[in-house]
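# Close look at the chain arrangement
As a plain string of letters, each chain reads:
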Amino acid sequence: EAGVAQSPRYKIIEKRQSVAFWCNPISGHATLYWYQQILGQGPKLLIQFQNNGVVDDSQLPKDRFSAERLKGVDSTLKIQPAKLEDSAVYLCASSFDRGQPQHFGDGTRLSIL
Amino acid sequence: GIQVEQSPPDLILQEGANSTLRCNFSDSVNNLQWFHQNPWGQLINLFYIPSGTKQNGRLSATTVATERYSLLYISSSQTTDSGVYFCAVRPAGNKLTFGGGTRVLVKP
């Protein structure tokens, strides 16, 4: 079984620029999550999708972050404009359904200059 | 929201030693997972264990849901066990919340 795929693996941008990350979940998984992991901390949920609908985006900074999962399969997370404090690893995870074990991708390491 | 505390925060082991990591949580949960984040940043799912005991090779985990804690046991540690171990819990109808992690270094 193929795991959660994410790209790019690394990204370096200057502040105020925009950036997008892509995630393809495990086949058949209805629930998709985006997490932000700041160095030295545990991952923090940004947004959760159930198929193509948003279940929880309470911790997503909506003035600069957006995410979509239009066809209920792969997803993109965008930051526009980026701030220095957005430097982090962005992890995508998926689960068969809500409440089921989550499986994580390798993440995208974002550095803001 | 729910509080998740992991101890110890840091652990240095000699290869071959055994160790126990602890996760305390402040409310009842429907889901508890243990993850290993390796030095390359990959987050590997170790156990899905909302209650009871499970074993996988040299690793085992026990969750006592009524007392709101979980333990992860590492036996005969190897250098490849180095990294950060996270406990994550999900109360009913809520999101998965991670603890601060235990940083483990296994020396050869």
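See the structure above.
Because the structure is a prediction, the values reported are computed rather than measured. Every chain is numbered on its own, with residues counted from 1 as its sequence reads. All chains are assigned letters beginning at A, and all ligands numbers beginning at 1, according to the order in which they are written. Predicted model: local features are reported for residues with pLDDT of at least 70 only, side-chain atom pairs are reported and counted for 80 or more only, and whole-chain, interface and lining totals are derived from all residues. By convention in this description, side-chain values take in all heavy atoms of the structure and omit both hydrogens and water.

Below, the discussion takes up the nonpolar core. Residues and elements named next belong to chain B. Only buried residues count toward a nonpolar core. Its members are Ala, Val, Leu, Ile, Met, Phe, Trp, Tyr and Cys residues joined through side-chain atoms within 4.5 Å. Exposure is judged per residue with a 1.4 Å probe applied to protein chains only, and the accessible area is read against the type maximum: over 50% gives exposed, under 20% gives buried, and values in between give partly exposed. Residues L21, W34, L72 and V89 are the most contacted members of the largest nonpolar core, which totals 22 residues. For this core, the elements supplying multiple residues, two or more each, are β2 (10-14), β3 (19-25), β4 (31-37), β5 (43-48), β7 (59-64), β8 (69-74), β9 (83-90) and β11 (102-107). Residue contacts follow a heavy-atom distance rule, with two residues in contact if any of their heavy atoms lie within 4.5 Å. With near-sequence residues (within four places) excluded, V89 lies in contact with I2, V4, F25, V29, N31, L32, K95, L96 and T97. A run of DSSP states H or I qualifies as a helix once it reaches four residues; a run of E qualifies as a strand once it reaches two. Both are numbered from the N-terminal end.

If you look at the interface, chain A gives 19 residues, while chain B gives 17 residues. Of the roughly 1,400 Å² buried between chain A and chain B, counting both surfaces, carbon and sulfur atoms make up 49%. Two parts placed together each lose some accessible area; with a 1.4 Å probe, that loss summed over both constitutes the buried area. Broken down residue by residue, the surface that chain A buries against chain B is led by G99, Q102 and F104 of chain A, which jointly contribute 28%. Salt bridges are identified by distance alone: a Lys or Arg side-chain nitrogen within 4 Å of an Asp or Glu carboxyl oxygen. Linking chain A with chain B are one salt bridge, by the criterion used here. Measuring nitrogen to oxygen at the nearest pair gives 3.9 Å for the salt bridge that ties K95 of chain B to D56 of chain A. Polar contacts, as counted here, are pairs of nitrogen or oxygen atoms within 3.5 Å of one another; within protein the pair requires one atom able to donate a hydrogen and one able to accept it, and residues that are adjacent in sequence qualify only if both atoms are side-chain atoms. Summed over the shared surface of chain A and chain B, the result is six residue pairs in polar contact (both at pLDDT 80 or more). Mapped by element, the contributors of at least two residues to the side of chain A that touches chain B are β4 (31-37) and β10 (103-104) of chain A. Only Asp, Glu, Lys and Arg are considered charged in this grouping, and only Ala, Val, Leu, Ile, Met, Phe, Trp, Tyr, Cys and Pro are considered nonpolar; every other residue, Gly among them, is considered polar. Considered class by class, the residues forming the side of chain A that touches chain B number six nonpolar, ten polar and three charged.

Note that every value here comes from positions in space, so none of it alone points to a role or purpose.
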